[in-house]
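Chain by chain, the residues:
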Amino acid sequence: MKHIVALLLGIIAGAVLFALAVIYNPLTGDGRLSPLSVTDAEIISLSFSVVPSESIVYTNDGESMQPPHPAKVTQLWEAPVRQTSGMVAVMHNARGEPAGVGVKLSSRSEKTRLFNGDAIVDSVWYIYLADQGGMFIGQTENYWGFLTDVAFPAGRSGANTWRGTWMGDVTAGPGVLGTAFATGTSGRLKGLEMEAVESLSVQAFSSEAGFVSAEGRLTVALPEASAAELVDQQ
Amino acid sequence: MRIASLFKTFLIGIVLGVGIAAGTLYALPVVDQQREASIVAVAPNGGTLESFHINIPMDRVMTGTRAEGNPVPPGLEWPAGPAFSNVRTEMFKIRNARDSVVGVGVRTAARHGDENVIDWLLHLPARGSLFVSMEPAPRDGGVRIGTVVSGTREFAELRGSLGERWVAIDSDEEDAPIGRIELRTSYVGQPEPLPAEGDTQ
């Protein structure tokens, strides 16, 4: 009997050790530099709030951590869309002025492999900027760094909250350099094939209510030739 | 002696625990998206056709506009200012031909200078997304045609077109939709580059 108890305790201890090793595995950290931070291309820099109550609309299955906003918004409860969220937000330009509206649809990805440090989300954006035009963005995001640095510590704290400063790129592809692709549809962006990176800046997070104080940022790099042509035309 | 034996059993348990946890995490999917079978037809002139529809008003998630009227959802506050005055953004649930919800769609209509902009974003979580830019004016029969400009995952290598039209429904049934937006996509794969002459020999 004592041997069975020892074996069970050992199995539990082994599982806990494995979980800690996965969470704190330094090999799964993402220390790469965004390629768009060193580009010479013209950049469109947009910021937006990721706090649901500060968005125009935020919806999900209604049972997830973050509550829908406004409260009476239709929820995505059907099985094929249950792991999807939709957010409509005001996009601010680099000067902090409202520049347009952005819609983001995100779905948990079957490519998620916690074993490898991949917490993948497939997401797409449609952004309409009054002075630039419209564009689509397609990307895969990896939230592993956010989970290990912010979400797990928030869950372990007595108040279920995390406060501090966390910044990181969440875009992980599909571009070979870990960038998203963007396609312009109208205005000066029409027909342009661009690259983009989304990053996240978190100041407060609750494991019960989600983001409390956080901001997202999209950096879109115009193709260098097209940017030069645009300057020539002006 | 007995303590040493128990400790040995405990160590074996740790190894087993690590193995069981690693095997479970590796083998079991963390995310498993529900899939509805695609209902696709082959077009006579090549490519494939797929139809979706949106029942109005039950599939409408939001309508964002400065225009007067009841906001959807109740409590929505569309921002003021010139950046938002000529834009109308709508979000819907998308249904397949069997009337099952399979995704989420976003339709944005805007006035950009002299240009009328209408764009669709169709997001099917288990398959990928389609980005479509529509013609500004509808054609005969009220059908508006758009071009698939890009896509993700399953749709990344596809191009083609999308037609949208409004179909009113006259029904006495309670809770029946007042109409539906029909979306018909036509996918065409992008041509594969021909192999170099030397590669074919």
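For clarity, every value in this text was computed on a predicted model and none was experimentally measured.

1. A look at the overall build of chain B
For step 1, the next point in the chain: Within chain B, the regular secondary structure consists of three helices and ten strands.
For step 2, the next point in the chain: Scanning chain B from its N terminus toward the C terminus, one meets helices and strands in the order α-β-β-β-α-β-β-β-β-β-β-β-α.
For step 3, the next point in the chain: Over its C-alpha atoms chain B spans a radius of gyration of 25 Å, topping by over 25% the 17 Å that the globule rule assigns to 201 residues.
For step 4, the next point in the chain: The buried share of chain B, reckoned over its 201 residues, is 42%.
For step 5, the next point in the chain: Residue pairs at least 24 apart in sequence account for 44% of intrachain contacts in chain B once pairs closer than 6 positions are excluded.
For step 6, the next point in the chain: Within the structure as shown, chain B displays about 11,100 Å² of accessible surface, and the carbon and sulfur contribution to it stands at 55%.
For step 7, the next point in the chain: Across chain B, the 19 positively charged side chains and the 25 negatively charged ones have centroids separated by 7 Å.

2. Some words on the overall build of chain A
For step 1, the next point in the chain: Along its length, chain A carries three helices and eleven strands.
For step 2, the next point in the chain: Along chain A, from the amino end to the carboxyl end, the secondary structure elements read α-β-β-β-β-β-β-α-β-β-β-β-β-α.
For step 3, the next point in the chain: Its C-alpha atoms give chain A principal-axis dimensions of about 85 × 40 × 35 Å.
For step 4, the next point in the chain: Looking at the 234 residues of chain A, the share that counts as buried comes to 52%.
For step 5, the next point in the chain: At a minimum sequence separation of 6, the contacts of chain A that also span at least 24 residues come to 58%.
For step 6, the next point in the chain: With the model as given, the accessible surface of chain A reaches about 10,500 Å², and the carbon-plus-sulfur share is 57%.
For step 7, the next point in the chain: Distance from the positive charge centre (14 side chains) to the negative charge centre (23 side chains) of chain A: 9 Å.

3. Notes on the nonpolar core
For step 1, the next point in the chain: Counting residues in each nonpolar core, the largest one holds 38 residues, and the members touching the most others are I127, M135, I137, F146, L200, V202 and F211 of chain A.
For step 2, the next point in the chain: Here the element with the most residues in this core is strand β10 (residues 193-206) of chain A; it accounts for five residues.
For step 3, the next point in the chain: When near neighbours in sequence (up to four residues on either side) are disregarded, F211 of chain A contacts V50, V51, P52, Q66, F146, L200, V202, A204 and F205 of chain A.
For step 4, the next point in the chain: Counting 29 residues, the second largest nonpolar core, distinct from the first, contains I56, V88 and L105 of chain A together with M62 of chain B.

4. Looking at the packing of aromatic side chains
Residues and elements named next belong to chain A.
For step 1, the next point in the chain: If you walk through the whole model with that rule in mind, you get 15 aromatic pairs over all chains.
For step 2, the next point in the chain: Each ring, one from Y143 and one from F146, has its centre 6.3 Å from the other, and the planes form 85°; the classification is edge-to-face.
For step 3, the next point in the chain: A residue is classified by how much of its surface remains accessible, and Y143, at 18% relative accessible area, is buried.
For step 4, the next point in the chain: Accessibility expressed as a relative area gives 6% for F146, which makes it buried.
For step 5, the next point in the chain: With 5.2 Å between their ring centres and 90° between their planes, F146 and F205 make a pair best called edge-to-face. Taken as a pair, F146 in helix α2 (residues 144-156) and F205 in strand β10 lie far apart in primary sequence, 59 residues in all. F205 carries the same exposure label as F146, and that label is buried.
For step 6, the next point in the chain: Through pairs of rings, three or more aromatic residues link up here, namely Y143, F146, W166, F205 and F211.

5. Notes on a nonpolar patch on the surface
Residue and element names in this part refer to chain A.
For step 1, the next point in the chain: A grouping of M1, I4, V5, L8, L9, I12, V16, L20 and Y24 is seen on the molecular surface, where their side chains present a nonpolar patch of about 910 Å² in accessible area.
For step 2, the next point in the chain: Mapped onto the fold, L8 is located in helix α1 (residues 2-23).
For step 3, the next point in the chain: Given a relative accessible area of 48%, L8 falls into the partly exposed group.

About the thresholds
- Residues numbered from 1 in each chain as written.
- Chains lettered and ligands numbered in written order.
- Predicted model: local features only at pLDDT ≥ 70, side-chain atom pairs only at ≥ 80, totals over all residues.
- Heavy atoms only, no water.
- Helix = DSSP H or I, 4+ residues; strand = E, 2+ residues; numbered from the N terminus.
- Rg over C-alpha atoms; globule rule 2.2 N^0.38 Å.
- Buried < 20%, exposed > 50% of the residue type's maximum accessible area, 1.4 Å probe, protein only.
- Contact = heavy atoms within 4.5 Å.
- Areas by Shrake-Rupley, 256 points an atom, 1.4 Å probe, with all protein chains shown as cover.
- Lys, Arg positive; Asp, Glu negative; His and termini not counted.
- Charge placed at Lys NZ, Arg CZ, Asp CG, Glu CD.
- Core = buried A, V, L, I, M, F, W, Y, C linked by side-chain atoms within 4.5 Å.
- Phe/Tyr/Trp six-rings, centres within 6.5 Å; stacked < 30°, edge-to-face > 60°.
- Patch = residues over 30% accessible without salt bridge, like charges linked within 9 Å, V, L, I, M, F, W, Y side chains within 5 Å.
- Salt bridge = Lys/Arg side-chain N within 4 Å of Asp/Glu carboxyl O.

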